[in-house]
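Given next are the chains, with one letter for each unit.
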Amino acid sequence: MKTKPKDVARKLDKATRATRDSQSLTPQSRVAVSLVTIACALVFFAAALSTEDNLIKAPVMIASLVFSGWFIQRYTHAWGKYGLVMIKGQGGLALMKTLGDRHPKLMREAADFGLTMGFGIPYAFALFFLGGEKKKFAIHAVAAAAFYGWFASQAAGVNALLLPVGLAAGFLGIGLLTLASSTVMIFASKTASSAVAPLVPGITVPWEAIAAAIIIATVHEVAHGVLARVEKIRIKASGAVLWGFIPVAAFVEPDEEQLSRASIWKKRRVLAAGTASNFYFFIIFMAAAFAFVQLALPPLVQGAAINLPENSTLQGILPQGAIVQALNGQPLTQANDANAAYRTGKEVTLIVEGKEYRVPAVEFVVTETEATQTALVKGDVITHASATRLYNLEQLRDALTVVGSDSLINLTLSRQGKNVEVAARTNADGKLGVQLSQKAAFLLQDKPKPGLQLPFALATLLASILALTAVLNLALAIINVLPVFITDGHRIIYEELAEKLGKNTAAKAAAAAGAVTLGLIVINLARWFKII
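Residues numbered from 1 in each chain as written. Predicted model: local features only at pLDDT ≥ 70, side-chain atom pairs only at ≥ 80, totals over all residues. Heavy atoms only, no water.

Some points on the overall build of the protein chain
What the protein chain contains, in helices and strands, is 15 helices and 16 strands. Projecting the C-alpha coordinates of the protein chain onto the three principal axes gives extents of approximately 70 × 60 × 50 Å. When burial is assessed residue by residue, the protein chain has 46% of its 532 residues classed as buried. On the protein chain, roughly 26,300 Å² of surface is accessible, and the fraction owed to carbon and sulfur atoms is 64%. Taken together, the 50 basic and 35 acidic charged side chains of the protein chain have centroids lying 8 Å from each other. (Helix = DSSP H or I, 4+ residues; strand = E, 2+ residues; numbered from the N terminus. Buried < 20%, exposed > 50% of the residue type's maximum accessible area, 1.4 Å probe, protein only. Areas by Shrake-Rupley, 256 points an atom, 1.4 Å probe, with all protein chains shown as cover. Lys, Arg positive; Asp, Glu negative; His and termini not counted. Charge placed at Lys NZ, Arg CZ, Asp CG, Glu CD.)

What to know about the nonpolar core
Of all hydrophobic cores here, the largest spans 50 residues; its most connected members are Met 117, Phe 147 and Phe 171. Apart from the residues lying within four places of it in its own chain, the contact partners of Phe 171 are Met 117, Gly 118, Phe 147, Tyr 148, Thr 275, Phe 279, Leu 474, Ala 477, Ile 478 and Val 481. Counting residues in hydrophobic clusters, the runner-up holds 39 residues, among them Ala 304, Tyr 357, Val 422 and Leu 432. (Core = buried A, V, L, I, M, F, W, Y, C linked by side-chain atoms within 4.5 Å. Contact = heavy atoms within 4.5 Å.)

Observations regarding the side chain of Asp 255
The topology assignment puts Asp 255 in the loop between strand E4 (246–254) and helix H10 (256–261). Leaving out residues up to four positions away in the same chain, Asp 255 has contacts with Ile 233, Arg 234 and Lys 236.

Focus: helix H15 (residues 503–528)
A rise of 1.5 Å per residue sets the reference length of H15, with its 26 residues, at 38 Å; its end C-alpha atoms lie 37 Å apart and thus fit the reference within 8%. Contact partners of the buried residues in H15: helix H8 (162–188) and helix H14 (488–501). Downstream of H15 by one or two residues, Lys 530 has phi in the positive range, about 60°. (Expected span 1.5 Å × (residues − 1).)

Digging into the pattern of salt bridges
Close approach of charged atoms allows side chains of opposite charge to pair. One pass over the full model with this rule turns up 18 salt bridges. We note a salt bridge from Lys 136 to Asp 112, for which the minimum N-O separation is 2.7 Å. Linking Lys 136 in helix H7 (residues 134–154) with Asp 112 in helix H5 (residues 104–119), this pair joins segments that are 24 residues apart in sequence. Judged by its relative accessible area of 0%, Asp 112 is buried. When the shortest N-O distance is used, the salt bridge between Glu 256 and Arg 491 registers 3.5 Å. Here Glu 256, found in helix H10, pairs with Arg 491, found in helix H14; they are 235 residues apart in sequence, far enough to count as distant. A relative accessible area of 12% places Arg 491 in the buried class. One salt-bridge network, in which partners are shared between bridges, spans Arg 108, Glu 109, Asp 112, Glu 133, Lys 136, Glu 231 and Arg 269. (Salt bridge = Lys/Arg side-chain N within 4 Å of Asp/Glu carboxyl O.)

As for the pairing of strand E8 (residues 347–352)
The pairing of strand E6 (residues 323–327) with E8 spans 3 bridges and is antiparallel. Considered in E8, the bridge of Ala 326 is made with Ile 351. Judged from the 6 bridges that link them, E8 and strand E9 (residues 355–360) form a sheet pairing that is antiparallel. Bridging from a neighbouring strand, Val 348 pairs with Val 359 of E9. Where E8 folds back on E9, the antiparallel hairpin that results is connected by 2 residues, among which Glu 353 adopts a positive phi of roughly 55°. (Pairing = 2+ DSSP bridges.)

Now the structure itself:
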């Protein structure tokens, strides 16, 4: 839910109310808009799929979106700016009314747990335990601890602080930890990667993400509308937001003056509803994706076939396209069953066509190098360090620790399909001065049964949409609580501080938090675009 200053909200309401009935197109206008949209889409995707640098691709892609958005806005007379077009409608209001009127208690409870997940157990202690709802606090604390324990286990090795930070500060803490850790690494190393990237279908996310984005944005905004209905906050309108020809969000426009006068509990619930709903739908879609993969795909699959990446060191060792009968001693019926093997950091054993292969699950590719590192080049795959086969990055770190700073370490590489021995010098920090990407040494791909190729393709697409919708729901839940001016998290922080410290102090503190968070995001984006 986009919260705006009152004057901006009034201008927006005036402009959109005056043109609400003028968004239908004449046949001639429909043709013009369609042709321009198709042309802009072709330019956008031609740039996105090109091999040009991001600094060249991004302006072309953005320009195509801005121009198509401006053209759509001009012919529909909808509100628009910088390529964003806001299309209003009344269709979603009936659904919000129905859900809010039938299940008010359930909706309040769901929003309350969203506050705990969004801002952590100490915040929930202050709200519920000290507020006399000790049983609710206990249930929230146990559920939050279970989730963050599971979440930290799935991200093992990424950041050891995920569990304590999640418990202490919820999604807000995890988001800030991710941004801050990445920023520190960016300044510490010229080859460190960014934690932030623009969502570009076909480039940074699969094409199915378009469908997923529409689902999560709709869920998020409908939830705001439902809680506004429950808390008796008037909803002026709802609709969709396009950036150019791409749907990027849904929106609910509450009565800002009424919301600003509401009690702090009403504000909390209305504002937390979006994050809460995205968290719940993450659980729902994750369970649906798991069930679908386990139940719907197996009848269509004859087995998991080997699909070697182009630069894999296992080219010529594993038979391309052959079906794997067993992995680490366990029968393998579909590719999804092998996911755990990639996280073990150990050698794996495959049985292929009756023959045993002992191979690494992952390998480490050099993606960037500092100027001082002359022994390694982009695209090198490091297979051995000090004559030890590498199965995980910890082994490489251990080998570098033994060698020390400003010293030579013997590495075995795969360079353009050939094995190469090099002596690479470590820098003053005892590191190689390169950015490494951990990639699968081999991929497994479900192979459909004869005659079932089309049903298999459709089922695979649906499974991908379910999984992406789950992941992006969680991502939006985290992003939405970050204190970045337009987010619900920023508004909640402001309202909490205003309740305790007054509006002036709250505005300054919330603005400072927003500026710091925005700065972290900008630094990460600058690294992604290779500006720094």
